[in-house]
Amino acid sequence: MSDSATGKEHGSPAHPGPGQDPAAGPPVPEKLNEAECLRLVASGELGRLVYTGRFGLTVLPVNYKLHDGDVVFRTTHDSSTDEDLRTGIAGAEYQVAFEVDEIDRAAREGWSVLIHGAAHHVDSASEHAELLETGIESWAGGDRAHFIRIITTRVTGRRIRRAGETAASA
């Protein structure tokens, strides 16, 4: 959209759009490498589990921990999540996605990481004991004794910063 008096577009450096800092440069998208993606995910505690369930596409917020490069979360035995993520075939696991992000709305900056992998139900006592030690807790409370581990197969991420920003100032 242009300014009828000057013919210059709103949102340009001369005429910043709503919420834009005229001193900040244009947004700069940055592809993140796997190590940076996992570092960012490790610092969080709430992400979104994405899968195709019995009622179609499903997106659920879950509390998680990153453990040995895999996402781990807890759910209730026989819950809809537990049931939807069981194939009924020994050794076969559903493919899921897991998304974590952090957004600074005022600065219009942030990052997003997407992890793909298999939803592995933790049924062995030794693996269950190992994951109990991670300290993962669900905000929802209740009996969430069943662990699901997303065995990571692919990690991608993006960050958006304003031009002129550096990694040290982010």
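Worth saying up front: this structure is predicted, and the values here are computed from it rather than measured. (Residues numbered from 1 in each chain as written. Predicted model: local features only at pLDDT ≥ 70, side-chain atom pairs only at ≥ 80, totals over all residues. Heavy atoms only, no water.)

A. Helix α1 (residues 34-42), seen in detail. Buried within α1 are the following residues: E36, C37, L38, L40 and V41. Among the structural elements, β1 (27-32), β4 (65-67), β6 (95-104), β7 (109-121) and β8 (146-162) are those in contact with the buried residues of α1. The distance from a side-chain oxygen at the start of α1 to the backbone nitrogen of A35 is 3.1 Å, and the residue carrying that oxygen is N33. (Buried < 20%, exposed > 50% of the residue type's maximum accessible area, 1.4 Å probe, protein only. Helix = DSSP H or I, 4+ residues; strand = E, 2+ residues; numbered from the N terminus. Contact = heavy atoms within 4.5 Å. Polar contact = N/O pair within 3.5 Å; in protein donor to acceptor, adjacent residues only side chain to side chain.)

B. Fine view of the pattern of salt bridges. On inspection of all chains with the given rule, the structure shows 13 salt bridges. Salt-bridge contacts for D82 lead to R86; the nearest nitrogen and oxygen are separated by 2.9 Å. Residue classification places D82 among the buried residues on the basis of a relative accessible area of 2%. If you follow the salt bridges from partner to partner, you end up with E30, E36, R39, R159 and R161 in one network. (Salt bridge = Lys/Arg side-chain N within 4 Å of Asp/Glu carboxyl O.)

C. Fine view of the nonpolar core. Among the nonpolar cores identified, the biggest contains 22 residues, and L49, L85, F98 and I115 are the most heavily contacted of them. Elements with a contribution of two residues or more to this core: α1, β2 (46-53), β5 (70-75), β6, β7 and β8. Grouped together as the second largest cluster of nonpolar side chains are 5 residues, V72, L131, I136 and F147 included. (Core = buried A, V, L, I, M, F, W, Y, C linked by side-chain atoms within 4.5 Å.)

D. Inspection of the confidence of the model for the chain at higher detail. Of the residues in the chain, 82% have a pLDDT of 70 or more, and the chain-wide mean is 82. For the chain, per-element mean pLDDT is lowest for helix α2 (residues 80-84), which scores 82, and highest for α1, which scores 97. (pLDDT = per-residue confidence, 0-100.)

E. Region of interest: the pairing of β8. Bridge count for β1 against β8 is 6 bridges, and the pairing is antiparallel. By the bridge assignment, P27 is partnered in β8 with R162. Pairing geometry for β5 and β8, over 5 bridges, is antiparallel. The residue of β8 that forms the bridge with T75 is H146. Direction of pairing for β7 relative to β8: antiparallel, over a ladder of 12 bridges. Opposite V113, over in β8, you have G157 as the bridge partner. (Pairing = 2+ DSSP bridges.)

F. Geometry of the side chain of T134. Its location among the elements puts T134 in the loop between α3 (125-132) and β8. Within the structure, T134 has its side chain in polar contact with the backbone oxygen of L131 (distance 2.6 Å). Each residue touching T134, except ones within four places of it in the same chain, is listed here: K65 and H67.

G. Structural view of the packing of aromatic side chains. Applying the stated criterion to the full structure yields 1 aromatic pair. With centroids separated by 5.1 Å and ring planes inclined at 75°, the aromatic side chains of Y64 and F98 adopt a geometry described as edge-to-face. One end of the pair, Y64, is in the loop between β3 (56-63) and β4; the other, F98, is in strand β6, and 34 residues separate them in sequence. For the pair Y64 and F98, one class covers both residues: buried. (Phe/Tyr/Trp six-rings, centres within 6.5 Å; stacked < 30°, edge-to-face > 60°.)

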